[in-house]
Amino acid sequence: MKRGTGRGGGSAAPNSVDVARLAGVSQKTVSRVFNEEPYVSAEARKRVLEAAEQLGYRRNNAARALASGRTRSIGVITLGTALYGPASLLMGVERVVRDTGYALRVVNTMEGDPAGLAGAVDSLLDQGVDGIVISEPIDEPDDGGAEPLSVGVPVLVIGAPPPPLTAPALLTAGRGADLMARAATEHLLGLGHMTVHHLAGPQRWFAAQDRLEGWRTTLTAHGRDVPAFVEGDWSAASGYAAGREFARDPDVTAVFAANDDMAIGLVRALTEAGRRVPDDVSVVGFDDVPVAAYVTPPLTTVRQPFDAVAQEGLKRLVHAIENPDADPLPTSGPPVDLLVRASTAPPPDGGRSPRR
């Protein structure tokens, strides 16, 4: 159906009365359709939506906010970074928020600014948001003297433990990277490797801490040696530097890298040093960046469920916003999706007995 230009040949914006007149229904029915209320037949709902599209009608959210006491907007606090994980999670949140009919307000914080979170919360509250999503992956140092934030709207924290704050509802989502790291480590042990080395992310990041813990816990549970880990900074360059270090140790036959970019740099350094992947050294990454399937060799990795985390977390947040007296919706663990490609294989000697 062709979109119209409103009343009077486009001179004024259409309103709900115009939609009701064109659809042949009452103004109350139009209101019920756009407020997603029950007691509207499918046929009437279809006529209203078609009339609104034809007229180019957009509901007046400002008036709706005055009537309901809500702005139907959700604020997101995220680290100002182009790294694949945080950026992909933000995109997932944006898609889900748009689908819920809420507007999105985004505030970026900068790494190393301990006051960034408090300032971002204040900025969003000043805009009258109905709920806040905190996707703040950095463990900023606290001198212990800061007062807990008092937030008057529900808060969802993704991928990190809750910060010191009080809120009507404090929800979490997206933890479980330790379980995914366990799957990566288990895969390498299952191929017969005596132990698994780890190229960790920067330990100020909660995600890096979780992946390190999952790797260490798995090795300990299997009675294997836990080698000293090498810490990178998420970049391929830091993976390359670590790969040159690993290449000098003939006992290294398997490496779990905390993200794909570092894994790709690691593979490059190993190859240049004459350590073939996976014939001599197996490598597993984390994230499943788009290029992971097309490098040489294609990278075995753990896919992060960004969309699933955003979908479940935002569903719980919207429920808390719209049902303030109800119990929170239950949560589930993240799916573990290990993609086995050509960068992993049994060790070159067929495996040795693990040292205890």
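Small disclaimer: the values here were computed from a predicted structure and weren't measured. In this numbering scheme, every chain counts its residues from 1 along its sequence in written order. At least 70 in pLDDT is required for a residue's local features to be given in this predicted model, at least 80 for side-chain atom pairs to be given and counted, and no such filter applies to totals for whole chains, interfaces and linings, which use all residues. Think of the side-chain values as coming from all heavy atoms in the structure, minus any hydrogens and water.

Residue placement: Glu-53 occurs in helix 3 (residues 42–55). A simple rule labels every residue: compare its accessible area, found with a 1.4 Å probe on the protein chains alone, to the largest value its type can have, and call it buried under 20%, exposed over 50%, or partly exposed in between. Judged by relative accessible area, Glu-53 falls into the partly exposed class, the value being 35%. A C-alpha to C-alpha distance of 9.2 Å links Glu-53 and Val-19, two positions 34 residues apart in sequence. Here a helix means four or more residues in a row that DSSP labels H or I, a strand means two or more in a row labelled E, and each is numbered from the N terminus.

The next thing to look at is the nonpolar core. In this structure, Leu-199, Phe-246, Val-255, Leu-266, Leu-270 and Val-283 are the most contacted members of the largest nonpolar core, which totals 26 residues. Those elements that provide at least two residues to this core are helix 9 (236–247), strand 10 (254–257) and helix 10 (260–272). With five residues, the single largest contributor to this core is helix 10. Contacts between residues were defined by any pair of non-hydrogen atoms, one from each residue, lying within 4.5 Å. In contact with Leu-266, other than residues within four places in its own chain, are Leu-199, Gly-239, Tyr-240, Ala-242, Gly-243, Phe-246, Val-255 and Val-283. Counting residues in hydrophobic clusters, the runner-up holds 22 residues, among them Leu-89, Leu-90, Val-133 and Val-309. Put simply, buried Ala, Val, Leu, Ile, Met, Phe, Trp, Tyr and Cys residues joined by side-chain atoms within 4.5 Å make one nonpolar core.

Now for the environment of Gly-333. With respect to the secondary-structure elements, Gly-333 resides in the loop between helix 11 (306–322) and strand 13 (337–339). In this structure the C-alpha to C-alpha distance between Gly-333 and Val-309, which are 24 residues apart in sequence, comes to 9.3 Å.

What follows covers the sheet that holds strand 9 (residues 230–231). At least two DSSP bridges between two strands are needed for those strands to be called paired. If you walk across this open sheet you meet the six strands as 9-8-10-11-12-13, and the pairing is mixed. The outermost strands of the open sheet, each flanked by one partner alone, are strand 9 and strand 13. As judged from the three bridges shared by strand 8 (residues 197–200) and strand 10, these two strands associate in the parallel manner. When the bridges of strand 10 are listed, His-197 appears paired with Val-255.

So, on to the sheet that holds strand 7 (residues 170–173). A sheet is described by the order of its strands in space; here five strands give the open sequence 2-1-3-5-7, paired in parallel fashion. Here the strands that pair on one side only, and so sit at the sheet edges, are strand 2 (103–109) and strand 7. The average angle at which neighbouring strand axes cross in this sheet is 20°, direction not considered. Geometry is summarised by axes, namely lines fitted to C-alpha atoms with helices restricted to the contacting stretch, and by angles between N-to-C directions that run from 0 to 180 degrees. Sheet strands in contact with helix 11 are strand 1 (73–79), strand 3 (131–135), strand 5 (155–158) and strand 7, and its direction is about 170° off that of strand 7.

The N-to-C vectors of helix 9 and helix 10 enclose an angle of 40°; their axes lie 6 Å apart at closest approach. Comparing their axes, helix 10 and helix 9 come out oblique. The handedness of the crossing between helix 9 and helix 10 is right-handed. Residues Ala-236, Ser-238, Gly-239, Tyr-240, Ala-242, Gly-243, Arg-244, Phe-246 and Ala-247 of helix 9 touch helix 10, and the partners they reach there are Asp-261, Met-262, Gly-265, Leu-266, Arg-268, Ala-269, Leu-270 and Glu-272. Looking at side-chain class alone, the contact of helix 9 with helix 10 contains nine nonpolar, four polar and four charged residues. Any angle that is under 35 degrees is reported as roughly parallel, and any over 145 degrees as roughly antiparallel; angles of 65 to 115 degrees are reported as roughly perpendicular and all others as oblique. Two helices crossing with the near one rotated counterclockwise from the far one by less than a right angle form a left-handed crossing, whereas a clockwise rotation gives a right-handed crossing. Residue polarity follows a fixed list, in which Ala, Val, Leu, Ile, Met, Phe, Trp, Tyr, Cys and Pro are nonpolar, Asp, Glu, Lys and Arg are charged, and the others, Gly among them, are polar.

Before going further, it helps to examine helix 11. In an α-helix there are 3.6 residues to a turn, and that puts residues three or four apart on one side. Here, expected helix span is obtained from the residue count minus one, scaled by 1.5 Å. Taking 1.5 Å of rise per residue, 17 residues should cover 24 Å, and helix 11 covers 24 Å from first to last C-alpha, within 8% of that figure. Buried within helix 11 are the following residues: Phe-306, Val-309, Ala-310, Gly-313, Leu-314, Arg-316, Leu-317, Val-318, His-319, Ala-320 and Ile-321. In this fold, the buried residues of helix 11 make contact with strand 1, helix 5 (84–100), strand 3, strand 5, strand 7 and strand 11 (282–287).

It is worth spelling out the pattern of salt bridges at this point. We define a salt bridge as a contact between a side-chain nitrogen of Lys or Arg and a carboxyl oxygen of Asp or Glu at a distance within 4 Å. A complete count under the given rule lists 12 salt bridges for this structure. Between Asp-307 and Arg-95 there is a salt bridge, with the nearest N and O atoms lying 2.6 Å from each other. Within this pair, whereas Asp-307 is found in helix 11, its partner Arg-95 is found in helix 5, the two being separated by 212 residues in sequence. We classify Asp-307 as partly exposed; its relative accessible area is 43%. Assessed through its relative accessible area of 32%, Arg-95 is described here as partly exposed. For Arg-303, the salt bridge goes to Asp-288, with nearest N and O atoms at 3.1 Å. Of this pair, Arg-303 sits in strand 12 (residues 300–303) while Asp-288 sits in the loop between strand 11 and strand 12, and the two are 15 residues apart along the sequence. You can call Arg-303 partly exposed: its relative accessible area is 36%.

Attention now goes to the packing of aromatic side chains. Two rings belonging to Phe, Tyr or Trp (six-membered ring only in the last case) form a pair when the distance between their centres is within 6.5 Å. Interplanar angles under 30 degrees mark stacking, angles over 60 mark edge-to-face geometry, and anything in between is tilted. Per the stated rule, a full pass over the model turns up three aromatic pairs. Between the aromatic rings of Tyr-84 and Phe-306, the centroid separation amounts to 5.8 Å while the plane-to-plane angle is 75°, which identifies the pairing as edge-to-face. In this pair, Tyr-84 sits in helix 5 while Phe-306 sits in helix 11, placing the two residues 222 residues apart along the sequence. For Phe-306, a relative accessible area of 11% corresponds to the buried category. For the ring pair Trp-205 and Trp-234, a centre distance of 5.7 Å and an interplane angle of 80° mean the geometry is edge-to-face.

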